[in-house]
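A closer look at the structure
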Amino acid sequence: MKFMNWFKYGMAVLVLSVTVMACVNDAEGLLEDDDIAELIENALNSKAGGFDAQLEDMLYLVENYQNQCGQSIDSTFEKEKGIGSIATYNYTYTWEGTVNCDSVNTPQDIDFTYTSNGTYSVPRMTSSDEGTYNMNVNGILPSATHYDITGSYTRVGTQTTKIRNELTFTATLGVTLTDLSIEKTSKDIASGSATFTVTGDTSGGESVSKEGSITYNGDNTVTVNLNNKDYTFDLD
């Protein structure tokens with residue numbers, strides 16, 4: 001009987017130890033590819049104040065300055081999506097730009113350098129971040145039917161996931177936009193491609209380094225390829 005009692009006690013301790021260890025592992029958490037995809041989605045879409053929302057301001061500036069040869073651009077936009085929405089954001093974008101001309105003073109393209117600073121909250125993530133952007137907009141001549149945009153940008157911030165373990169991580173997202181074609185009349189994205197890198201650290205001490213590709217599908221969706229897995233989402 002004593003042996004059986006000790007055996008039962010030992011098994012109880014073992015079960016308790018395994019249970020506690022499982023809870024500790026769950027509490028520490030690990031950053032998953034789905035979290036990285038979520039970070040990139042929010043950096044790209046309009047509902048979190050991402051690059052798609054910035055394109056609206058960029059094209060506004062293009063159409064207001066494209067005929068002003070040599071004109072410098074200096075503008076600030078405050079953009080906010082308020083309380084009550086599933087996704088909210090509050091960003092300040094500070095723009096500078098130059099209209100480039102040829103030898104006979106015909107505008108050819110526009111260079112933009114701008115910054116972003118703010119926060120967003122969506123169902124699966126919150127973020128506080130800032131970004132720096134360098135973009136060139138071609139196709140501003142009246143004969144062109146599309147604007148062609150190339151450039152790069154970097155967003156640095158702290159994110160917290162709202163699912164699983166509410167993991168907090170700092171991340172640097174770098175995007176190189178190799179081509180983005182926007183139809184002038186509709187302002188719809190016709191096509192585009194980019195590459196990205198993500199580096200950072202989690203609150204649990206995990207280091208992260210990822211890279212992949214971004215494809216604009218021409219139907220208001222974008223596909224992110226990460227570790228040979230595709231994530232497709234809407235830009236609105």
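A word on the pattern of salt bridges. Enumeration according to the criterion identifies nine salt bridges in this entry. Here aspartate 34 makes a salt bridge to lysine 229, at a shortest N to O gap of 3.9 Å. Pair noted here: aspartate 34 is in helix H2 (residues 33-44) and lysine 229 is in strand E10 (residues 229-234), with a separation of 195 residues, a long-range link. For lysine 229, a relative accessible area of 43% translates into the label partly exposed. Ionic pairing is found between aspartate 129 and arginine 155, a salt bridge with its closest N-O pair at 3.3 Å. With a gap of 26 residues between them, aspartate 129 in strand E4 (residues 125-138) and arginine 155 in strand E5 (residues 146-161) connect regions that are remote in the sequence.

With that settled, consider unusual backbone geometry. Not every positive phi belongs to a glycine, and lysine 187 is a case in point at roughly 65°. Mapped onto the elements, lysine 187 comes out in the loop between strand E6 (168-183) and strand E7 (189-202). Non-glycine residue asparagine 227 carries a positive phi angle of around 55°. You can see asparagine 227 is positioned in the loop between strand E9 (221-226) and E10. Among the residues examined, asparagine 227 registers a relative accessible area of 47% and is labelled partly exposed.

This next bit is on the state of the cysteines. Summed over all chains, the structure comprises one disulfide. The disulfide bridge from cysteine 69 ends at cysteine 101, spanning 1.9 Å between sulfur atoms. Here cysteine 69 is found in the loop between helix H3 (51-65) and strand E1 (72-81), whereas its partner cysteine 101 is found in strand E2 (residues 88-101), with 32 residues between them in sequence. We classify cysteine 69 as partly exposed; its relative accessible area is 34%.

A few words now on H2. Taking 1.5 Å of rise per residue, twelve residues should cover 16 Å, and H2 covers 17 Å from first to last C-alpha, within 8% of that figure. For H2, a buried count of ten out of twelve residues is recorded, marking the element as mostly surrounded by other parts of the structure. Along H2, the residues that are buried comprise Asp35, Ile36, Ala37, Glu38, Leu39, Ile40, Glu41, Asn42, Ala43 and Leu44.

One finds Leu44, Phe51, Met58, Phe112, Ile214 and Tyr216 to be the most contacted residues of the largest nonpolar core, which totals 56 residues. Take this core: its biggest share by element is seven residues, from E6. Here leucine 44 is in contact with Gly50, Phe51, Asp52, Tyr153, Ile214, Tyr216, Val222, Val224, Phe233 and Leu235, once residues within four sequence places are set aside.

Here isoleucine 73 is to be found in strand E1. For the pair isoleucine 73 and valine 99, spaced 26 residues apart in the sequence, the C-alpha separation amounts to 8.1 Å. Apart from the residues lying within four places of it in its own chain, the contact partners of isoleucine 73 are Leu61, Tyr65, Trp95, Glu96, Gly97, Val99, Ile110 and Phe112.

A word on the confidence of the model for the protein chain. In the predicted model, the protein chain carries a mean pLDDT of 88, and the fraction of residues at 70 or more is 86%. Note that pLDDT drops below 50 for residues 11-28; the model gives that stretch three contacts with residues more than four away or on any other chain.

What counts and how
Residues numbered from 1 in each chain as written. Predicted model: local features only at pLDDT ≥ 70, side-chain atom pairs only at ≥ 80, totals over all residues. Heavy atoms only, no water. Salt bridge = Lys/Arg side-chain N within 4 Å of Asp/Glu carboxyl O. Helix = DSSP H or I, 4+ residues; strand = E, 2+ residues; numbered from the N terminus. Buried < 20%, exposed > 50% of the residue type's maximum accessible area, 1.4 Å probe, protein only. Disulfide = S-S within 2.5 Å. Expected span 1.5 Å × (residues − 1). Core = buried A, V, L, I, M, F, W, Y, C linked by side-chain atoms within 4.5 Å. Contact = heavy atoms within 4.5 Å. pLDDT = per-residue confidence, 0-100.

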